[in-house]
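Next come the chains, spelled out residue by residue.
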Amino acid sequence: MSISTSPAPLRTDTQATDNGPPARHDPPIIVFERVSKTYPNGVPAVQDVSFTVRPRDFVFVVGASGAGKSTIIRLLIREETASKGHVLVEGQDLARIRHRHLPRLRRKMGIVFQDFKLLPNLTVAQNVAFAIQVTDPGRTHLKEKVGEALYIVGLEDKLNNYPTELSGGEQQRVAIARALIHRPRIFLADEPTGNLDPDAGWGIVQLLLQINHRGATVVMATHNREVVDLSRRRVLAMEGGRLIRDEQEGQYLKDGEANL
Amino acid sequence: MNPIPVLRYVIGVALQNIVRNRGIAFASVLTVTMTLLGAGAAVAVVSALDGVLHQEESQASVLKVFMADHISFASALNMEHTLGSEPTVLSADFENKNQAAKEAASGLGLSGALKILQETGAGNPLPASINLHLRDIAAVSAINSQVSTSALLYPGPHPTDYNKDVIPRLEKYIFAAQLGGALLVAVVGAVALVIITISVRTAAFVRRQEIEIMKLVGATDWFVGWPFLVEGIIVGVVSAILASAALIGVGLGFGSGGNLALGIGIRFAALVVLGLIVGGAVLGSFGSLVGVRRSLAA
């Protein structure tokens, strides 16, 4: 498989700022402390996993299907709670967050998935606006915010198209625009390139790198070897629910490692 | 948060849900209408029976103590005074034989019969009486026992007009009507609740992707749940309006003299309509809460 490595043109909006490289001395924004998760059927999805992520870091969580990548994301958005250990986001233990406070946590996060999760009966602009309409329906300048988010992902000319009229890559960009609308400090992506061809997938990763460059912390679960190897970012490798490698500027596979 | 866009969103989505699931929404409206119709009819019947009971009670709390023909006027007055001073007696009025005849002629339509008796020389067969107005119907039996052994009383089998069977029989009817009405409302209400719950659960299932996205982008539970609650309230209120229209239509059809059927007044009917609307809204919102609870917990 080959992908074009030529960088996509960076899009910036008027308020974009370059927040520089990860802050090595800042307190971690995400902490996994000896986290285990066993599902009700008894299957251990994550076992004794510990790592920290600093603000403005970009982290790939890699591994084969069933390695525990998606569980890491689900624990971060509190769709699941840890069976053992602690998951902290911005110093807050997610197990202690009350159900009614979850929306506040999720508004700090931008989340995208492999299946885009777009509403087919809404246009691109309506899909992006939806995130504001259901959280803050009285918000002013909605059009401008939607336009800005779509400009960042390069879809400002597709405002009135429906998701079914877009390619997979474009649909994922719409999902990213929707996730960006709250200006999240943490951006989580669960296999965002899983349904895309290599070029479109690489385009999405470049977009996420750009979002990271603008100051957001990005955690991306993937088993796309090419994008990980080309990006040269931090890699957390999972196998059988365990964290087997945590490497700065890592590769999908380390020498001598079996195929994940 | 500005309430107008929120309200617009909530009502818009609720109406959209009803239109999208119009089949099941129609079934919900039909069932809730039947429940409320049953409830309204039961209230009307029980109220009518209650009215009859009160009328009977007020009549029954007047005890006629019939006097023997041979007693003197002074004895009768003495007895009137004695009975009138009893604490359970509000007032005691002496009614002589002529007054009794007049009463029977006008109240019971016996003027013809009395005239014949007068003309044939048989005289007035009706006894004089002391009419006791009692404070409480429960006292009737005690007063009756107290006076019925007096030698001054009319010597026939009924020295007073006390009928011990009337009130308990009426109370039995009222209890049966109330029990039957409550059972009817409970059974049909439970069915309506299940139908509304299924309807809202279906709406939540149809919109599961939207709900999932709403929760992922940080919508609160109440924001997700309100449209379903409003949907339930709309179903309940529309059903209440239909049930009220049907009840009032039937009531007007069989009513007369400014009243609805069973002698129900307009003011009482308005109260029943209000009760049905509130009941429909409560039934609808409760069904919705049960229906959407699972989606919110997921």
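Counting from 1, residues in each chain are numbered in the order their sequence is written. Chains and ligands are labelled sequentially in the order written, the chains with letters from A and the ligands with numbers from 1. Only residues with pLDDT of at least 70 get local features here, since the model is predicted, and only at 80 or more are side-chain atom pairs given and counted; chain-wide, interface and lining totals rely on the full set of residues.

A. Examining the overall build of chain A more closely. When helices and strands are counted, chain A shows seven helices and 10 strands. A residue is called partly exposed when the number of other C-beta atoms within 10 Å of its own lies between 12 and 20, exposed at 12 or fewer, and buried at 20 or more, with C-beta atoms placed from the backbone. Expressed as a percentage of its 260 residues, the buried residues of chain A come to 42%. For the purpose of contact definition, each residue receives a C-beta atom placed from its backbone, and two residues are in contact when these atoms lie within 7 Å. Counted over contacts in chain A with a minimum sequence separation of 6, partners at least 24 positions apart contribute 71%. Think of it this way: any DSSP run of H or I at least four residues long counts as a helix, any run of E at least two long counts as a strand, and we number them from the N terminus.

B. Layout of the overall build of chain B. Helix and strand counts for chain B stand at 10 helices and three strands. Walking chain B from its N terminus toward its C terminus, one meets helices and strands in the order α-α-β-α-β-α-α-β-α-α-α-α-α. Of the contacts formed within chain B by residues at least 6 apart in sequence, a portion of 85% connects residues at least 24 apart.

C. Here's a closer look at the interface of chain A and chain B. Every contact between the two is made by 15 residues of chain A and, on the other side, 17 residues of chain B. Looking at the side of chain A that touches chain B, the elements with two or more residues in it are α2 (102–107) and α3 (124–133) of chain A.

D. Here's a closer look at the confidence of the model for chain A. A residue's pLDDT is the predictor's confidence in that residue, given on a scale from 0 to 100. Of all residues in chain A, 89% attain a pLDDT of 70 or more, and the chain-wide mean is 88. In this model residues 12–18 of chain A is a low-confidence stretch, pLDDT under 50, and it forms seven contacts with partners more than four residues away in sequence or in other chains.

E. Up close: helix α3 (residues 73–84) of chain B. All names here are of chain B. Its 12 residues give α3 an end-to-end C-alpha distance of 16 Å, which sits within 8% of 16 Å, the value for a rise of 1.5 Å per residue. When α3 is considered as a whole, its buried residues turn out to be Ala76, Met79, Glu80 and Leu83. Looking straight down α3, one finds that the buried residues subtend no more than 105° of arc, so they occupy a single side. Every exposed residue of α3 that faces more than 90 degrees away from the buried side is listed here: Ala74, Leu77 and His81. On its buried side, α3 packs onto β2 (89–95), β3 (129–134) and α6 (140–147). Every helix has an expected span of 1.5 Å times one less than the residues it contains. Directions pointing from the helix axis toward each C-beta atom define the arc.

F. Geometry of unusual backbone geometry. Residues and elements named next belong to chain A. Backbone geometry places Arg78, a non-glycine residue, at a positive phi of 60°. With respect to the helices and strands, the residue Arg78 is situated in the loop between α1 (69–76) and β4 (84–89). Overall, Arg78 belongs to the partly exposed group, with 19 C-beta atoms counted inside 10 Å. Positive phi, close to 50°, is recorded for Glu90, a residue that is not glycine. When you line up the elements, Glu90 lands in the loop between β4 and β5 (92–93).

G. The environment of Ser239(B), seen in detail. Residue and element names in this part refer to chain B. Within the element layout of this structure, Ser239 appears in helix α9 (residues 221–254). C-beta crowding within 10 Å serves as the criterion here: with 29 such atoms nearby, Ser239 is assigned to the buried category. Note: C-alpha distance between Ser239 and Thr33 (206 residues apart in sequence) is 4.4 Å. When sequence neighbours within four positions are dropped, the list of residues in contact with Ser239 reads Val29, Val32, Thr33, Leu36 and Gly280.

H. The pairing of β4(A), seen in detail. Residue and element names in this part refer to chain A. When strand β1 (residues 30–38) meets β4, the two strands line up antiparallel, connected through five bridges. Each residue of the ladder has a partner; that of Glu33, found in β4, is His86. Pairing between two strands is assigned when DSSP locates at least 2 bridges connecting them. Between β4 and β5, which pair antiparallel one after the other, the connecting turn spans two residues, and Glu90 there sits at a positive phi close to 50°.

I. Broad picture of the nonpolar core. Of all hydrophobic cores here, the largest spans 118 residues; its most connected members are Val61(A), Val128(A), Ala177(A) and Val218(A). Here the element with the most residues in this core is α9(B); it accounts for 11 residues. Discounting residues that sit within four places of it in the chain, Val128(A) has contacts with Val146(A), Ala149(A), Leu150(A), Val174(A), Ala177(A), Arg178(A) and Ile181(A). A set of buried residues qualifies as a nonpolar core if it consists of Ala, Val, Leu, Ile, Met, Phe, Trp, Tyr and Cys joined through C-beta atoms within 7 Å. Judged by nonpolar contacts, the second largest core, of 17 residues, contains Met67(B), Met79(B), Ala128(B) and Leu153(B).

J. The sheet that holds strand β9 (residues 234–239) of chain A, seen in detail. All names here are of chain A. With mixed pairing, six strands are arranged side by side in an open sheet as β6-β7-β8-β3-β9-β10. The sheet terminates laterally at β6 (109–113) and β10 (242–247), the two strands that pair on one side only. With direction set aside, neighbouring strand axes in the sheet form an average angle of 15°. Here five bridges tie β6 to strand β7 (residues 186–190), and the two strands are oriented parallel to one another. Bridging from a neighbouring strand, Phe113 pairs with Asp190 of β7. On top of the sheet, helix α5 (residues 168–180) reaches β6 and β7; it is set at about 165° to β6, its chief contact. In this analysis an axis means a line fitted to C-alpha atoms, helices contributing only their contacting stretch, and an angle means the value between N-to-C directions, from 0 to 180 degrees.

K. Inspection of the packing of helix α1 (residues 3–20) of chain B against α9(B) at higher detail. Residues and elements named next belong to chain B. Where α1 contacts α9, the two axes come as close as 8 Å, and the packing angle between them is 60°. The angle between α1 and α9 places the two elements in the oblique class. Between α1 and α9 the crossing geometry is right-handed. Contact residues: α1 offers Val10, Ile11, Val13, Ala14, Asn17 and Ile18, while α9 offers Trp226, Pro227, Val230, Glu231 and Ile234. Oblique is the label for every angle not falling under 35 degrees (roughly parallel), over 145 degrees (roughly antiparallel), or within 65 to 115 degrees (roughly perpendicular). The handedness criterion is simple: a crossing whose near helix is rotated anticlockwise from the far helix by less than a right angle is left-handed, and one whose near helix is rotated clockwise is right-handed.

L. Highlighting the environment of Lys145(A). All names here are of chain A. By secondary structure assignment, the location of Lys145 is in helix α4 (residues 142–152). Overall, the presence of 19 C-beta atoms within 10 Å leaves Lys145 in the partly exposed class. Counting along the chain gives 32 residues from Lys145 to Ala177, while the straight-line C-alpha distance between them is 10.0 Å. Sequence-distant contacts of Lys145, defined by excluding residues within four places in its chain, comprise Ile132 and Ile181.

M. Local environment of the sheet that holds strand β2 (residues 44–53) of chain A. Residues and elements named next belong to chain A. An order of β2-β1-β4-β5 is seen for the four strands of this open sheet, with the pairing classed as antiparallel. Pairing within the sheet leaves two strands with one partner each, and these edge strands are β2 and β5. Pairing of β4 with β5 involves two bridges; the strand directions are antiparallel. If you follow Val89 over to β5, its bridge partner there is Gln92.

N. The pairing of β9(A), seen in detail. Residue and element names in this part refer to chain A. Burial analysis of β9 places five of its six residues in the buried class, the great majority of the element. With four bridges joining them, strand β3 (residues 58–62) and β9 adopt parallel strand pairing. Each residue of the ladder has a partner; that of Val62, found in β9, is Ala237. Two strands pair when backbone bridges link them, and β9 and β10 are joined in this way by five bridges, in the antiparallel orientation. Within the sheet, the bridge partner assigned to Val235 lies in β10 and is Glu247.

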